[in-house]
Amino acid sequence: MMSAGGYLAGVALFLPTAAASLAAAAIVLRRRFGYLRGLPRGLAFSVLATAALVLVGVIPAALSVLTRGTVLVTALLELAAASAVRPARITVAPDPASPAPASGAASIVVASLALVSFAVYELARARVLLVHPLTDIDMLGFHLPGVARWIQTGTLWQVDQFLPGFATAQYPNNGDFLVLATVLPWHDLAFVRLPGIVFFALTGVAVYALALELGASRAAAATFAVLALIVSPLSHFALEGLPDDITDSMLVVGCLFLIRHARTRRTGELVLGGLALGLALGTKWFGLTACAVIVIAWVAARLIARERPGRMARDGGVLLAMISLGGGFWLVRNLIESGNPLYPKAISVLGVRLFDGSRGDLVDRLGYSIVHYLGSPQILRRFIYPGFKSQLGFAGLVLLVGLVVAIAWSVRRRREWRGAAVLIVALVALGIFVTYAITPGTAYGPRNYPVQGFVTLRWLIPAVVIGAAVCAAAVRAIGRWGIVLELGALAGVLDAIN
């Protein structure tokens, strides 16, 4: 039980640290991205604020001087550095984006029912879960023990392996440093769920904004944002304090700003998109593979558009630099501490061994992929399909149908800006699904008996949240029949609640 004095001391440390970090982000936003308005401006602030809050812990931990005092000092230094940033002198024209199409009365009713049902359900869950201790095995098995070790040692230059046979020490740790921000001031877990809840809400806002950017109506965008949030892995992990939602939200925000950059050609949009992707990459390994798919799609789109090589090289350099800034540090940490920048498995290219790795661990013995069982439909039907059904439910079917509709429409309209954007983002969602299917562990369990495959469905959530925005755009594409897709989304929400 936390004492009153300990609580007040924690508040006295947390509030100025958070305030200085958020103020630094606000100053940079106003001086360098002042042309943004409305929802994009709010999401730009979320990217800058996330980066600032991560760095106030990472910098002193990287210098091996992590304490409550040094975190506060770092936040104040961030604020001083932001105050020295010069305002942009370039006058930027207003955003040329067309307004969102009008929402029909039926669409508004569907969106209202989805939002009210979702709000009541989540508040009821929160009322129960927020007064109970954490129970998630990942939080108890390595996320929180890792945070405790940083507090004990004052440094991040260590590889702490807590679970035998299953490597967790090399995970990227942006998300865990946001958890640290709620633990360090009090040395207590009372507020450890806060980051997960904040980024859970941010994921919904980001899906909504991306859907609008792709041409969806506001009602359809809201309905499909709720559908994405209600999916079991996303909804469950938010209230357990897991950092998954940080990756999911930043991936959607990254997609949003890359699409906006393709439309506006503003370098600032590219900077924000790259930083958001880097923060996602630096939080979860499935963020790394999803980020790779997004970058490949970005390059392919530029090549198809016959972009000038010089401009493409410049923009590519900016994008990769910002991704590296947001998450590349953890690859360096892993390389120094364990000899491998990624997950500690051997990496070879064209028969040349680049990095060594562990052998005979749980991934080697149980980490089969879905692709491994493509020739065994009875195993997919018995083990893999039930996992998809239990974790994604009817929402998964609705999203699949919406993606098919969106792709069919956008292929015909690919020469138009909106059609090309929808097609690219839809292919990103499908590409993330493909990388998920080939990832070791997606059919986890003994050979021909992948009984734990459902556990790793959380790695597929980036495809769900990005695909939800595409589905919202598909509603407009199919005209008056779009209400059928919206009703399907509402049914998916109610199915998840039941």
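Residues numbered from 1 in each chain as written. Predicted model: local features only at pLDDT ≥ 70, side-chain atom pairs only at ≥ 80, totals over all residues. Heavy atoms only, no water.

Teacher, can you tell me more about the overall build of the protein here?
The number of helices and strands found in the protein is 18 helices and four strands. Rg of the C-alpha trace for the protein: 22 Å, near the compact-globule value of 23 Å for 498 residues, within the 12% margin. When the backbone C-alpha atoms are referred to their principal axes, the protein occupies close to 60 × 60 × 55 Å. The 498 residues of the protein split such that 52% are buried. Taking the intrachain contacts of the protein between residues at least 6 apart in sequence as the baseline, contacts between residues at least 24 apart amount to 75%. Working note: accessible area of the protein is about 21,800 Å², and carbon and sulfur atoms make up 68% of it. Across the protein, the 40 positively charged side chains and the 23 negatively charged ones have centroids separated by 9 Å. (Helix = DSSP H or I, 4+ residues; strand = E, 2+ residues; numbered from the N terminus. Rg over C-alpha atoms; globule rule 2.2 N^0.38 Å. Buried < 20%, exposed > 50% of the residue type's maximum accessible area, 1.4 Å probe, protein only. Contact = heavy atoms within 4.5 Å. Areas by Shrake-Rupley, 256 points an atom, 1.4 Å probe, with all protein chains shown as cover. Lys, Arg positive; Asp, Glu negative; His and termini not counted. Charge placed at Lys NZ, Arg CZ, Asp CG, Glu CD.)

Looking at this structure, how should I read the packing of aromatic side chains?
Aromatic rings in a pair are described by how distant their centres are and how their planes are angled relative to each other. Inspection of the entire model under this criterion finds 13 aromatic pairs. Judged by centre distance (4.3 Å) and plane angle (20 degrees), the rings of W150 and F177 are stacked. Here W150, found in helix 5 (residues 137-153), pairs with F177, found in helix 6 (residues 174-183); they are 27 residues apart in sequence, far enough to count as distant. With 6.4 Å between their ring centres and 40 degrees between their planes, F433 and Y436 make a pair best called tilted. Linking F433 with Y436, this pair stays in helix 16 (residues 417-438), spanning three residues, or about one helical turn. The ring of F237 carries the charged tip of R458 above its face, separated from the ring centre by 4.3 Å. (Phe/Tyr/Trp six-rings, centres within 6.5 Å; stacked < 30°, edge-to-face > 60°. Lys NZ or Arg CZ within 6 Å of the ring centre and 35° of its normal.)

What is the right way to look at the environment of G38 in this model?
Assignment of secondary structure puts G38 in helix 2 (residues 38-62). Separated by 249 residues in sequence, G38 and G287 have C-alpha atoms that sit 27 Å apart.

So what exactly am I meant to see when it comes to the pattern of salt bridges here?
Oppositely charged side chains are able to pair whenever their charged atoms sit close together. The final tally for this structure, using the stated rule, is 15 salt bridges. The partner of E269 in a salt bridge is R260, and the shortest N-O contact between them spans 3.0 Å. We note that E269, like R260, is buried. When salt bridges that share partners are traced, they join R265, R302, E307, R311, R314 and D315 into one network. (Salt bridge = Lys/Arg side-chain N within 4 Å of Asp/Glu carboxyl O.)

Quick question: what am I supposed to make of the packing of helix 8 (residues 218-230) against helix 17 (residues 461-477) here?
Between two packed helices, both the angle of their axes relative to each other and the distance between the axes serve to describe the pair. Where helix 8 meets helix 17, the closest approach of the two axes is 9 Å, and the angle between their N-to-C directions is 155 degrees. Taken together, the axis directions place helix 8 and helix 17 in an arrangement best described as roughly antiparallel. Like other packed secondary-structure pairs, helix 8 and helix 17 cross with a definite hand, here right-handed. Every residue of helix 17 that contacts helix 8 at A220, A221, F224 and A228 is listed here: V464, V465, A468, C471, A472 and V475. (Axes fitted to C-alpha atoms, helices over the stretch in contact; angles between N-to-C directions. Parallel < 35°, antiparallel > 145°, perpendicular 65-115°, else oblique. Left-handed = near helix turned anticlockwise from the far one by under 90°.)

What am I meant to see in helix 17 here?
An α-helix turns once every 3.6 residues. As a result, residues three or four positions apart point the same way. Its 17 residues place the ends of helix 17 24 Å apart at the C-alpha level, agreeing with the 24 Å of an ideal helix rising 1.5 Å per residue. The element helix 17 is extensively covered by neighbouring structure, given that 15 of its 17 residues are classed as buried. Where helix 17 terminates, the next one or two residues include G479, which has phi positive at roughly 65 degrees. (Expected span 1.5 Å × (residues − 1).)

Just checking my understanding: could you explain the nonpolar core for this structure?
For soluble globular proteins, the rule of thumb is that nonpolar side chains tend to be buried together. Core analysis: the largest hydrophobic core is formed by 137 residues, its most contacted members being L214, F224, L227, M250 and I466. In terms of residue count, the dominant contributor to this core is helix 17 (13 residues). Counting residues in each nonpolar core, the second largest holds six residues, with F142, A167, Y343 and V363 among its members. (Core = buried A, V, L, I, M, F, W, Y, C linked by side-chain atoms within 4.5 Å.)

Explain a nonpolar patch on the surface here, please?
There is a patch of nonpolar side chains on the surface, built from Y7, L8, F191, L194 and V198 and spanning about 450 Å² of accessible area. Every element with two or more residues in the nonpolar patch is listed here: helix 1 (4-32) and helix 7 (194-213). (Patch = residues over 30% accessible without salt bridge, like charges linked within 9 Å, V, L, I, M, F, W, Y side chains within 5 Å.)

How should I be thinking about unusual backbone geometry in this particular structure?
The general pattern is negative phi for most residues beyond glycine and trans for most peptide bonds. Look at R265: it is not a glycine, yet its phi comes out positive at around 65 degrees. Residue classification places R265 among the partly exposed positions, given a relative accessible area of 33%. The residue R306 is not glycine, and still its phi comes out positive at about 55 degrees. Judged by its relative accessible area of 76%, R306 is exposed.

Where do I start with the pairing of strand 2 (residues 352-355) in this structure?
Within a regular strand, side chains alternate between the sheet's two faces. Note: strand 1 (residues 347-349) against strand 2, three bridges, orientation antiparallel. Pairing of I347 across the sheet is with F355, part of strand 2. Taken together, strand 1 and the strand that follows it, strand 2, pair antiparallel across an intervening segment of two residues, in which L350 is found at a positive phi of about 55 degrees. (Pairing = 2+ DSSP bridges.)

Mind showing me how you'd approach the side chain of S107 here?
Mapping S107 onto the fold places it in helix 4 (residues 105-129). The residues contacting S107, other than those within four sequence positions of it, are A219, I483 and E486.

Can you walk me through the state of the cysteines in this structure?
If you walk through the whole model with that rule in mind, you get zero disulfides. Left without a disulfide partner, C255 is nearest to the cysteine sulfur of C291, which lies 9.2 Å away. (Disulfide = S-S within 2.5 Å.)

Explanation requested: the packing of helix 1 against helix 2 in the structure shown.
In contact at an axis separation of 8 Å, helix 1 and helix 2 are set at 135 degrees when each is read in the N-to-C sense. By the angle class used here, helix 1 and helix 2 are oblique. Both helix 1 and helix 2 take part in a crossing whose hand is right-handed. Together, T17, A18, S21, L22, A25, A26, V28, L29 and R30 of helix 1 and R41, A44, F45, L48, A49, A52, L53 and V56 of helix 2 make up the contact between the two elements. When the residues that make up the contact of helix 1 with helix 2 are grouped by side-chain class, the tally is 13 nonpolar, two polar and two charged. (Nonpolar A, V, L, I, M, F, W, Y, C, P; charged D, E, K, R; others polar.)

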